[in-house]
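Residue-level structural notes
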There are 2 protein chains.
Amino acid sequence: MDAYRIVIDTEGSDKGAATIVKGACLALEKYEALNLTLVGKEECIKEYLTEAGAHYLTDGRLEIIHASDAITNYDSPAKALFEKPDSSLVRALSALSTRDDLLGVISAGNTGALIAGAMRFLSTPERTRPALAVPLPAENGGTTCLVDTGATVDCTAQMLLHFARLGTAFMSALHNIEAPRVALLSNGSEPTKGNAVVKEAHLLLDEAADINFVGNVEGTNALSGACDVLVADGFAGNMLLKTTEGTARRLITDIVKYAKSTGEEKYMHLAGYLKSLYDFNSMGGAVILGVRKPTFKIHGSSNEQTVVNTVGMLLDMFENTGVFKKGELAAK
Amino acid sequence: MDAYRIVIDTEGSDKGAATIVKGACLALEKYEALNLTLVGKEECIKEYLTEAGAHYLTDGRLEIIHASDAITNYDSPAKALFEKPDSSLVRALSALSTRDDLLGVISAGNTGALIAGAMRFLSTPERTRPALAVPLPAENGGTTCLVDTGATVDCTAQMLLHFARLGTAFMSALHNIEAPRVALLSNGSEPTKGNAVVKEAHLLLDEAADINFVGNVEGTNALSGACDVLVADGFAGNMLLKTTEGTARRLITDIVKYAKSTGEEKYMHLAGYLKSLYDFNSMGGAVILGVRKPTFKIHGSSNEQTVVNTVGMLLDMFENTGVFKKGELAAK
């Protein structure tokens, strides 16, 4: 395995920089092919390093880029990039845009600022709209990548076609599959169903020779596993993602109530089991597609393991495809 | 209580006309103030009547309008109205449009044909776009009425404002509340979140003096019970409804699998309990708003009890408000 260097923004986590730094150290222990560049307050990062982590600092696998400031969730995404040039997020993306050895980035910070930053520092020459894609656990045990979940809420049919291409490239890289099945989110499975943009996108996807289009899917069975890539505008995609999370949480709450009313401890175990199944939080995170280098957004509430899992996804992508390999830019 | 006459289309049910006719007889037994007009094949209806039902036929509480044809789910909604003038659906709506004593209609038939038919026979003088509203069980035990769930997938901000007014009138009538709380479905709770149409609708709703607007809600907590009316275009609303149903069904399947793997019968009881909580089917159905008379669509798979429940909702509406009372048209 080649060596790959990934950038991690240590700020923006609800649990503080310590969690991110500890996750980074665990990832370095787990993956031999991994080099890391941590961006944040140098003194803090050094303080939070595990014993093994401190060792990686001396042997070169771990590097620190100091950033004195941090963008918070209270900052306006549009303004933050310009008002906080010394923030970890800006420093991280700016390093990524200029250094060929940095291959991707992970951040738990302000999603809007990360998207805006990725567009500013890592946009493609065509300056296409980015998509925030989320790989979700499907009912059949597989993974369905939902593109977009909120980066671009007003979409044309051409943009949805572009999202299908981005999702195809991403899932090919992530799972090493040749022709990921692409479906379009609609209010009915028939080609004639959908709003005006979705109907037009259906025709474009049907005609696109480079897309393995399998047709429309509805909300009812969007995550059945019948497709690898699920295309939606950012508004409908956000709705699907959040409604799935909200409904799962609601049923789990119902089970906990039922457990308490019956006094049966067993139901609490079941609730815990389901919580782990639908804890999209721990699955790895979201990824901004349509920019030059893989930019991963993990939840603000992520723990150490989320950092390790997300690093693992990036390494899989680098291994599975030459496109993102060391020294090359990630633009396809 | 005054007497109210409701029309029931006996065709279009997956379970056959017998189920609808039996439900109608049960409703007549339960509600003294109810008169019914059943539309369908006269001989069949007479055959399916219960003993009590046959009695209502002689005392005038029950009336039959014969229709020799039926619209099925395989018929194209747009064509069916014209190709099947003798269908129960067309006969029912046409009777409603001309007779003042008929106050509302219930049908388990083809949704698209029912919407198209309601627009043709019961449209308002302004010919506004209709909405298919679905009252849903909220997390706090209340009811949230989702408007629209698919009748109008391409909406302007003005249409969303109109849907808010329709939902307000409906929930006022149904639950006898003065100022139902109205929320707007969006991808974030902040007023600045949403696609272009939703952002504009937020401003319109905020300014409308006749709407008790409580702001945006996201998919995560759309059905928490924080609002009585949830406004969405038919595309997003359909997504919310079907994703909620699909996710609930998925978790229930997980529980059944878990029950089988552990061999614990108890978990099967829990699965059954949750199934009844999230069986939107038995809740009463959907209602077409924006037409002159309340037009209820119940699921094709509805049972006798669904018919009784839906009749009950209509009677509540007639009792709670003068608007829909006997002899008056339902336009507001």
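The residue numbers shown here count from 1 along each chain, following its written sequence. Chain letters and ligand numbers both follow the written order, the letters beginning at A and the numbers at 1. Residue-level local features of this predicted model are given only where pLDDT is at least 70; pairs of side-chain atoms are given and counted only at 80 or more, and the full residue set underlies all totals for whole chains, interfaces and linings. Each side-chain value is derived from all of the structure's non-hydrogen atoms; neither hydrogens nor water enter the calculation.

Residues and elements named next belong to chain B. Between any two strands, at least two bridges found by DSSP are needed for them to pair. Runs of E in the DSSP output that reach at least two residues are strands. Runs of H or I that reach at least four are helices, and both are numbered from the N terminus. The mixed open sheet is built from 11 strands, whose spatial order is E3-E2-E1-E4-E11-E10-E5-E6-E9-E7-E8. The two strands at the open ends of the sheet, each matched to only one other strand, are strand E3 (62–66) and strand E8 (212–217). Put simply, the sheet's adjacent strands are angled 25° from each other on average, direction ignored. Examined bridge by bridge, strand E1 (residues 4–9) and strand E4 (residues 102–107) share 4 bridges and lie parallel to one another. Note on E4: the bridge partner recorded for Ile6 is Gly104. Note on geometry: axes are C-alpha line fits, over the in-contact stretch for helices, and angles between N-to-C directions span 0 to 180 degrees.

Residues and elements named next belong to chain B. It is the contact of helix H7 (residues 157–175) with helix H8 (residues 196–207), at a shortest axis distance of 8 Å, that shows an interaxial angle of 50°. When the axes of H7 and H8 are compared, the pair comes out oblique. The way H7 lies across H8 gives a crossing that is right-handed. Mapping the contact onto sequence places Ala157, Gln158, Leu160, Leu161 and Ala164 in H7 and Val197, Glu200, Ala201, Leu204 and Leu205 in H8. Of the residues belonging to the contact of H7 with H8, the class tally is 8 nonpolar, 1 polar and 1 charged. For classification purposes, angles smaller than 35 degrees are called roughly parallel, those larger than 145 roughly antiparallel, those between 65 and 115 roughly perpendicular, and all remaining angles oblique. Here is the rule for handedness: rotate from the far helix to the near one, and if that takes an anticlockwise turn smaller than a right angle the crossing is left-handed, while a clockwise turn gives right-handed. Pairs of residues are marked as contacts when any of their non-hydrogen atoms sit within 4.5 Å. Each residue gets one label: Ala, Val, Leu, Ile, Met, Phe, Trp, Tyr, Cys and Pro are nonpolar, Asp, Glu, Lys and Arg are charged, and the others, such as Gly, are polar.

Before going further, it helps to examine the relation of the copies chain B and chain A. The atoms used to superpose the copies are C-alpha atoms, taken from residues with pLDDT of at least 70 in both, and the fit is least squares. Superposition record for chain B on chain A: RMSD 0.1 Å, screw rotation 179°, translation along axis 0.0 Å. Taken together, the rotation and translation describe the operation of a two-fold axis. The share of interface residues of chain B whose copies in chain A are also at the interface is 100%, consistent with both copies meeting through the same surface.

Residue and element names in this part refer to chain B. The residue Arg61 is located in the loop between helix H3 (51–59) and E3 in this model. Of the polar contacts made by the side chain of Arg61, one reaches the backbone oxygen of Leu28; its length is 2.9 Å. Excluding anything up to four places from it in sequence, Arg61 contacts Arg5, Leu28, Tyr31, Glu32, Leu34, Asn35, Leu36 and Tyr56. In protein, a polar contact means a hydrogen-donor-capable atom and an acceptor-capable atom, both N or O and within 3.5 Å, with residues adjacent in sequence counting only if both atoms are side-chain atoms; elsewhere, any N or O pair within 3.5 Å suffices.

Residue and element names in this part refer to chain A. One open sheet holds the 11 strands; their spatial order is E3-E2-E1-E4-E11-E10-E5-E6-E9-E7-E8, and the pairing between them is mixed. At either margin of the open sheet sits one strand with a lone partner, and together these are strand E3 (62–66) and strand E8 (212–217). Averaged over neighbouring strand pairs, the angle between their axes works out to 25° when direction is ignored. Across the sheet, helix H11 (residues 304–320) touches strand E1 (4–9), strand E2 (34–40), strand E4 (102–107), strand E5 (131–137) and strand E11 (295–297), and the angle it forms with E1 is around 145°.

Another point: helix H8 (residues 196–207) of chain A. To estimate the expected span of a helix, count its residues, drop one, and scale the result by 1.5 Å. Its 12 residues give H8(A) an end-to-end C-alpha distance of 17 Å, which sits within 8% of 16 Å, the value for a rise of 1.5 Å per residue. Along H8(A), the residues classified as buried are A:Val198, A:Ala201, A:His202, A:Leu204 and A:Leu205. Residues of H8(A) that are buried sit in contact with helix H7 (157–175), strand E7 (181–185) and E8 of chain A together with helix H9 (234–262) of chain B. Three exposure classes are used, based on accessible area relative to the maximum for each residue type with a 1.4 Å probe and protein chains only: buried under 20%, partly exposed in between, and exposed over 50%.

Residue and element names in this part refer to chain A. Each reported salt bridge corresponds to a side-chain nitrogen of Lys or Arg within 4 Å of a carboxyl oxygen of Asp or Glu. Inspection of the entire model under this criterion finds 20 salt bridges over all chains. Two residues, Arg91 and Asp86, come together in a salt bridge whose shortest N-O distance is 2.2 Å. Of the residues examined, Arg91 reaches a relative accessible area of 32% and is grouped as partly exposed. Residue classification places Asp86 among the partly exposed positions, given a relative accessible area of 32%. For the salt bridge of Asp228 with Arg181, the shortest nitrogen-to-oxygen distance reads 3.0 Å. Taken together, the residues span a long stretch of sequence, with Asp228 in the loop between E8 and strand E9 (229–231) and Arg181 in strand E7 at a distance of 47 residues. For Asp228, a relative accessible area of 12% translates into the label buried.

Right, let's get into the domain arrangement of chain A. Residue and element names in this part refer to chain A. An automatic or database domain assignment provides the domain bounds reported here. Along its sequence, chain A is carved into domain 1 (1–128 + 290–332) and domain 2 (132–282). Here domain 1 and domain 2 have C-alpha centroids that lie 26 Å from each other. If you look at the interface, domain 1 gives 17 residues, while domain 2 gives 14 residues. Buried area is a sum: the accessible area each of two parts loses on coming together, probed at 1.4 Å, counted once for each and added. Buried area between domain 1 and domain 2, summed over both chains or domains, comes out near 1200 Å², and the portion from carbon and sulfur atoms is 65%. Summed over the shared surface of domain 1 and domain 2, the number is 3 residue pairs in polar contact (both at pLDDT 80 or more).

Let us look at unusual backbone geometry. For the bond from A:Val147 to A:Asp148, the omega torsion is 15°, close enough to zero to count as cis. Residue placement: A:Asp148 occurs in the loop between strand E6 (143–147) and H7. The backbone of B:Arg127 shows a phi angle near 50°, a positive value even though the residue is not glycine. Topologically, B:Arg127 is positioned in the loop between helix H6 (111–122) and strand E5 (131–137).

Let us now look at the packing of aromatic side chains. Between the rings of Phe, Tyr and Trp (Trp by its six-membered ring), a pair exists once the centres lie within 6.5 Å; its type follows the angle of the planes, with under 30 degrees stacked, over 60 edge-to-face, and the other angles tilted. On inspection of all chains with the given rule, the structure shows 9 aromatic pairs over all chains. Geometrically, the ring pair formed by A:Tyr267 and B:Tyr267 is edge-to-face, given 5.7 Å between the ring centres and 85° between the ring planes. Of this pair, A:Tyr267 sits in helix H10 (residues 265–277) while B:Tyr267 sits in helix H10 (residues 265–277), placing the two residues on different chains. Each member of the pair, A:Tyr267 as well as B:Tyr267, is classed as buried. Joined through ring pairs, the aromatic side chains of A:Tyr258, A:Tyr267, A:Tyr273, B:Tyr258, B:Tyr267 and B:Tyr273 make up one cluster.

Turning to the pairing of E8(B), a few remarks are in order. Residues and elements named next belong to chain B. Pairing between strand E7 (residues 181–185) and E8: 5 bridges, direction parallel. Note that in E8 the partner of Val182 across the bridge is Phe213. This β-α-β element, E7 to H8 to E8, shows right-handed connectivity. The handedness of a crossover follows from its direction of travel: if, with the strands pointing away from the viewer, the path from the first strand over the helix to the second runs clockwise, the crossover is right-handed.

Attention shifts here to the pairing of strand E10 (residues 286–289) of chain B. Residue and element names in this part refer to chain B. Here E10 shows two buried faces, one formed by Ala286 and Ile288 and the other by Val287 and Leu289. Relative to E10, E5 runs antiparallel, the two sharing 3 bridges. Paired with Ala133 across the bridge in E10 is Val287. The pairing of E10 with strand E11 (residues 295–297) spans 3 bridges and is classified as antiparallel. When the sheet's bridge partners are listed, Ala286 is paired in E11 with Lys297. Counted along the chain from E10 to the antiparallel partner E11, the turn is 5 residues long, and its residue Gly290 has a positive phi close to 95°.

Once that is clear, we can look at the interface of chain B and chain A. Taken together, the contact pairs 44 residues of chain B with 44 residues of chain A. Interface area for chain B against chain A, summed over the two sides, is near 4300 Å², with a carbon-plus-sulfur share of 63%. On the chain B side of the contact with chain A, B:Phe235, B:Arg250 and B:Leu251 bury the most area, a combined 17% of that side's loss. In this structure, the connection of chain B to chain A is made through 2 salt bridges. A salt bridge links A:Glu218 to B:Lys242, with the nearest nitrogen and oxygen atoms 2.3 Å apart.

Residue and element names in this part refer to chain A. The residue Gly215 is located in strand E8 in this model. Look at Gly215 and you get buried, because its relative accessible area is 12%. Measuring from C-alpha to C-alpha, the distance between Gly215 and Glu32 comes to 41 Å, with 183 residues separating the pair along the chain. Setting aside anything within four residues of it in sequence, one finds Gly215 in contact with Val182, Ala183, Leu184 and His202.

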